[in-house]
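One-letter residues, chain by chain:
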Amino acid sequence: MTWVQALVLGLVQGLTEFLPVSSSAHLRIVSSVFFGDDAGASFTAVTQLGTEAAVLVFFAKDIWRIVLAWFAGVRERVSTRGRQELPLHDQPTTRLPVITADHTRVLDEQAQRELDYRIGWYVIIATIPIGVLGFLFKDEIRTGARNLWLVSFMLIFFALVIAAGEHFGRKERSIEQLTTRDGLAMGFAQSLALIPGVSRSGATSTAGLFLGLEREAAVRFSFLLAIPAVTASGLFSLPDAFEPAGEGLNASGPQLLVATALAFVVGYASVAWLLRFVARHSLYWFVGYRIVLGAIIMGLLAGGVVSAT
């Protein structure tokens, strides 16, 4: 891999990780169409550490609050485990936020702690499916799943799924009304993103829409949900990425570090932009783009311009 290729792919990763267009598909497509080979699943996983670092920084206050609330909640429930009461993480917060004059949602302190405690559990529970499936099918994910015919098909097919979520989703439940069922459903949806072309944010956000969540609530939770899975995937892939073997665009250690840093900077801006965008616009904007891109790649494959593998 040249430095130009590393910089371009790092930029692509940062731009597309949080959009419902599949960053892994874009890295696969850009590396094949413009550079004649596949950058590889390990390069993709490691550069995703940069974009997840952007999420950690952007949501630092929220994440710290959730972590503290989770540990405090677990400690409290262990000390009072003899009491007969419904587990808090199985019920929605009953105290919904107060809407202020400037339309800001404000929860009282106790309700915020309850919500943070539940979200901590939901992230843990929802990460289990992708962890298990990612481990079981790690070889297929790095080989057959990166076939460009499959990637382009999933771009188009899942565009229709996203459109269905926008059309049929009620979008009336706030993040304060998340339940364990929601977390599990979005966790299984996240597992679909193991296939390039699906999109992690697209899968989890669309699942949230089908469950009746508001668009911004679904997207915000999808960001939090991605943190443990993507971080674990990136760390797991580090040995393969820094000691490349076989064919492909093998990046050196310094190239990986610079590409990951670039993905962090661009990814941070992408998070802020997308949260503002979904507050005012639908995901239909990304549906058309996915279909056009998928159709173009299919045309290039059919014409023999690019190789599927």
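For the structure given in this document, a descriptive report is provided here. (Residues numbered from 1 in each chain as written. Predicted model: local features only at pLDDT ≥ 70, side-chain atom pairs only at ≥ 80, totals over all residues. Heavy atoms only, no water.)

The next point concerns the pattern of salt bridges. Summed over the entire model, instances satisfying the criterion amount to 11 salt bridges. The partner of Arg220 in a salt bridge is Asp62, with the nearest N and O atoms 3.7 Å apart. Here Arg220 is found in helix α10 (residues 215-242), whereas its partner Asp62 is found in helix α4 (residues 60-79), with 158 residues between them in sequence. Given a relative accessible area of 22%, Asp62 falls into the partly exposed group. (Salt bridge = Lys/Arg side-chain N within 4 Å of Asp/Glu carboxyl O. Helix = DSSP H or I, 4+ residues; strand = E, 2+ residues; numbered from the N terminus. Buried < 20%, exposed > 50% of the residue type's maximum accessible area, 1.4 Å probe, protein only.)

In this structure the tally under the stated criterion is nine aromatic pairs. Ring centres of Trp70 and Phe71 lie 5.0 Å apart, and the angle between their planes is 80°; this geometry places the pair in the edge-to-face category. Linked through ring pairs, Phe18, Phe58, Phe59, Phe223 and Tyr268 together constitute an aromatic cluster. Here the guanidinium or amino end of Lys138 rests over the ring plane of Phe135, the centre of that ring lying 4.4 Å away. (Phe/Tyr/Trp six-rings, centres within 6.5 Å; stacked < 30°, edge-to-face > 60°. Lys NZ or Arg CZ within 6 Å of the ring centre and 35° of its normal.)

Quick look at the environment of Leu194 now. Relative to the elements of secondary structure, Leu194 occurs in the loop between α8 (180-191) and α9 (200-210). Along the primary structure Leu194 and Ser24 are separated by 170 residues, whereas in three dimensions their C-alpha atoms are 9.1 Å apart.

So, about the packing of helix α7 (residues 148-168) against helix α12 (residues 284-302). As a packed pair, α7 and α12 sit with axes 8 Å apart at the nearest point and diverge in direction by 160°. Comparing their axes, α12 and α7 come out roughly antiparallel. As for how α7 packs across α12, the hand of that crossing is left-handed. Each residue belonging to the contact of α7 with α12 can be placed in one class, and the counts come to 20 nonpolar, three polar and two charged. (Axes fitted to C-alpha atoms, helices over the stretch in contact; angles between N-to-C directions. Parallel < 35°, antiparallel > 145°, perpendicular 65-115°, else oblique. Left-handed = near helix turned anticlockwise from the far one by under 90°. Nonpolar A, V, L, I, M, F, W, Y, C, P; charged D, E, K, R; others polar.)

A few words now on the side chain of Ser23. Position of Ser23 among the secondary structure elements: in helix α2 (residues 23-35). Judged by relative accessible area, which is 6%, Ser23 ranks as buried. Among the polar contacts listed, one links the side chain of Ser23 to the side chain of Glu17, at a separation of 2.8 Å. When sequence neighbours within four positions are dropped, the list of residues in contact with Ser23 reads Gln13, Thr16, Glu17 and Gln48. (Polar contact = N/O pair within 3.5 Å; in protein donor to acceptor, adjacent residues only side chain to side chain. Contact = heavy atoms within 4.5 Å.)

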